[in-house]
Amino acid sequence: MIGLISATAAGAAARDRLAAAWPDRTRVYDGPVGDAVRRAFAECEQLVCFLATGAVVRLVAPLLSDKASDPGVVCVDEAGRFAVSLVGGHGGGANELAVSVGGLLGAEPVVTTATDAVGIPGLDTLGLPVEGDVAGVTRALLDGEPVALDVEVAWPLPPLPFAARVRTPGMPAVRLTDRAVEPAEGEVLVRPPSLVVGVGASRGVPVDEVLDLVEGALRDAGLSPRSLAELATVDAKRDEPGIVAAAARLGVPVVTYPAEELTKVEVPNPSDAPLAAVGTPSVAEASALVRGGELLVAKRKSARADGHASMATCAVVRRPARGRLAVVGLGPGARDLLTPRATAELRRAAVLVGLDQYVDQIRDLLRPGTRILESGLGAEEERARTAVEEARRGQAVALIGSGDAGVYAMASPALAEASDDIDVVGVPGVTAALAAGAILGAPLGHDHVSISLSDLHTPWEVIERRVRAAAEADLVVTFYNPRSRGRDWQLPKALSILAGHREPATPVGVVRNASRPDGTSRLTTLAGLDPAWVDMMTVVTVGNTATRAIAGRMVTPRGYRWQEAATEEVR
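None of these values were measured; they are calculated from a predicted model. (Residues numbered from 1 in each chain as written. Predicted model: local features only at pLDDT ≥ 70, side-chain atom pairs only at ≥ 80, totals over all residues. Heavy atoms only, no water.)

K.L.:
Can you help me understand the packing of helix H17 (residues 460–472) against helix H18 (residues 490–499) in this one?
P.N.:
Relative placement of two packed helices is described by the angle separating their axes and the distance separating the axes. Orientation of H17 relative to H18, taken along the N-to-C sense of each, is 30 degrees, at an axis distance of 9 Å. Judged by the angle between their axes, H17 and H18 are roughly parallel. H17 and H18 meet at a crossing whose hand is right-handed. Between H17 and H18, the residues in contact are Trp460, Glu464, Val467, Arg468 and Ala471 and Gln490, Lys493, Ala494, Ile497 and Leu498, respectively. Residues of the contact of H17 with H18, tallied by class, amount to six nonpolar, one polar and three charged. (Axes fitted to C-alpha atoms, helices over the stretch in contact; angles between N-to-C directions. Helix = DSSP H or I, 4+ residues; strand = E, 2+ residues; numbered from the N terminus. Parallel < 35°, antiparallel > 145°, perpendicular 65-115°, else oblique. Left-handed = near helix turned anticlockwise from the far one by under 90°. Contact = heavy atoms within 4.5 Å. Nonpolar A, V, L, I, M, F, W, Y, C, P; charged D, E, K, R; others polar.)

Written out as structure tokens, the structure reads:
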């Protein structure tokens, strides 16, 4: 919950805008400001104070105890010009909150955390548990000193600059490990969620028996419970109270699988007992191994002090590192049409793959140390393969494309290469059709279709059949890749097909470089369109029989009743 505190009418107005935008995330604290801050500090994970910075400093200073547990505090000035991350920039999430508040209120976010100021990810913001000399190693990164990256367990991370290939004595280091070891001097341990514990249990198993078994198995194998990702079991045990409660205490989810799926997993220690009880010869080992990995602890039974029979079994597996591939749409080119989610993914990626001209558009957004793999036109399939291969090596990868990555762009070739051994995230972007439509007016107000006129990958016979179908169905049509030096006859042919079903005066919009500084647009008609206006940087939108030019804008009504009413008025 985010506590909101204000002292003046101007502050209250901004506070209320935030409360209205985030009704489920915020709580307004009224009354004397000092009392309000103290109550919010005790009850909320974050605070936004619409007060002078000095006042907030004096009010929260006596309340601070530990940066790992203190709430994040953001201060917004009376004029709403700045959103200052004051306390808890990383641990309390104040840096991200300042950016979000700034975006909502039109205020400039002010973040002074050293790592954020120079674009280096904070070691305590990786989304993974960390231990050791975080401050010292971070200082070394900021100072440009060589810092070793010691990877015992591969896991996708954002770029960490200045990583040395060979660790020498006394060198600061970041160490990825799931082993139960103590950090050395000048070392930070990062705990990837690499361990899965499979659990089998009898009905009514006590939670303490499950906990003792799991913690003992990890301890005896020299593994850190901070790298535990989940407890896995069979579907029949989904609601077993002892397992559910043990997972809650360990802070991990319970993941379950059908018995039929578990029976297909080869295990070293099958048994008749679970086969009779839940329909699979193995629960603990099979549920831990079902997604692959290395069996570190074979099935073991719980030990009961009262001498009764064991009610639980477990097995521990180190699952394979799963790389992460984000397929990112950059939008039509204007920076303000690049989504915040796309920006976040670009800054998260350790490896960026893309067309050279698209890389140039967003190079300034990348963190120091990002590895860039760029290539020219015509290498789409090669870029897709490269991105998937890097993700399979356990990297955090961003594959970029213009517009929306899933529309005539990189998502389809990448996903055709990707199997289920990597995580794939799609990040939508504003397509050329949408950007052009916004410039033209509202041409896509009713059913519409996009068709690429490039026959480099699709036979012209197929393209022509689709154009005819769109013409007969009276769909608004947006043509991508309409004309190039080597392909100058396809657009006139497509327009002639549409002209067989639409009036010569049908509105047509021609937009080149939509949203970019050198962008141009014109509204013409089906009969008046000159193909010479069009190139590969252009999208052509042809209206349907209801589309009209109104006040210089192209408008397709949401329904045909509007067309009928307009016709009646003319009569």
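K.L.:
What should I look at first to understand the sheet that holds strand E22 (residues 441–442) in this one?
P.N.:
Backbone hydrogen bonds are what pair the strands of a sheet, in a parallel or an antiparallel way. Taken in spatial order, the three strands line up as E22-E29-E28 in an open sheet, and their pairing is mixed. This sheet does not close on itself; its edge strands, each paired only once, are E22 and strand E28 (548–550). Pairing analysis gives three bridges linking E28 to strand E29 (residues 553–555), with the strands arranged antiparallel. Looking at E29, one finds that alanine 549 is bridged to methionine 554. (Pairing = 2+ DSSP bridges.)

K.L.:
Help me understand the sheet that holds strand E27 (residues 538–542), please; the structure alone is not making it clear to me.
P.N.:
The strand order across the open sheet built from five strands is E23-E24-E27-E25-E26, with neighbouring strands paired in mixed fashion. Each of the sheet's edge strands pairs with one partner strand only, and the pair in question is strand E23 (448–452) and strand E26 (520–525). Taken over all neighbouring pairs, the strand axes of this sheet differ in orientation by 15 degrees on average, direction set aside. Bridge count for strand E25 (residues 507–512) against E26 is six bridges, and the pairing is antiparallel. When the sheet's bridge partners are listed, valine 510 is paired in E26 with arginine 522. In this fold H18 packs onto strand E24 (476–480) and E27, with an angle of close to 175 degrees to the strand it touches most, E24.

K.L.:
Explanation requested: the side chain of serine 6 in the structure shown.
P.N.:
Mapped onto the elements of the fold, serine 6 is located in strand E1 (residues 2–6). According to the relative accessible area criterion, serine 6 is buried, its value standing at 11%. A distance of 3.1 Å separates polar atoms of two side chains, one belonging to serine 6 and the other to arginine 15. The contacts of serine 6, once residues within four sequence positions are left out, are Gly11, Ala12, Arg15, Val33, Phe50 and Leu51. (Buried < 20%, exposed > 50% of the residue type's maximum accessible area, 1.4 Å probe, protein only. Polar contact = N/O pair within 3.5 Å; in protein donor to acceptor, adjacent residues only side chain to side chain.)

K.L.:
What is the right way to look at the nonpolar core in this model?
P.N.:
One broad trend across soluble globular proteins is that nonpolar side chains are buried collectively. Residues Val197, Val199, Val214, Leu218, Leu231 and Val316 are the most contacted members of the largest nonpolar core, which totals 24 residues. Put simply, the parts of the chain that give this core at least two residues each are strand E12 (195–201), helix H7 (207–220), strand E13 (228–234), helix H8 (241–250) and strand E16 (312–318). In terms of residues, this core owes the most to one element, H7, which gives seven residues. Formed by 21 residues, the second largest nonpolar core is a distinct cluster that contains Ala471, Ile497, Leu498 and Val540. (Core = buried A, V, L, I, M, F, W, Y, C linked by side-chain atoms within 4.5 Å.)

K.L.:
Help me understand the pattern of salt bridges in this model?
P.N.:
Think of it this way: side chains of opposite charge can pair up when their charged atoms draw near. The full count for this structure, using the stated rule, is 28 salt bridges. Between glutamate 240 and lysine 237 there is a salt bridge, with the nearest N and O atoms lying 3.9 Å from each other. Each member of the pair glutamate 240 and lysine 237 is classed as buried. Three or more residues are tied together by salt bridges with common partners; here these are Arg15, Asp16 and Asp30. (Salt bridge = Lys/Arg side-chain N within 4 Å of Asp/Glu carboxyl O.)

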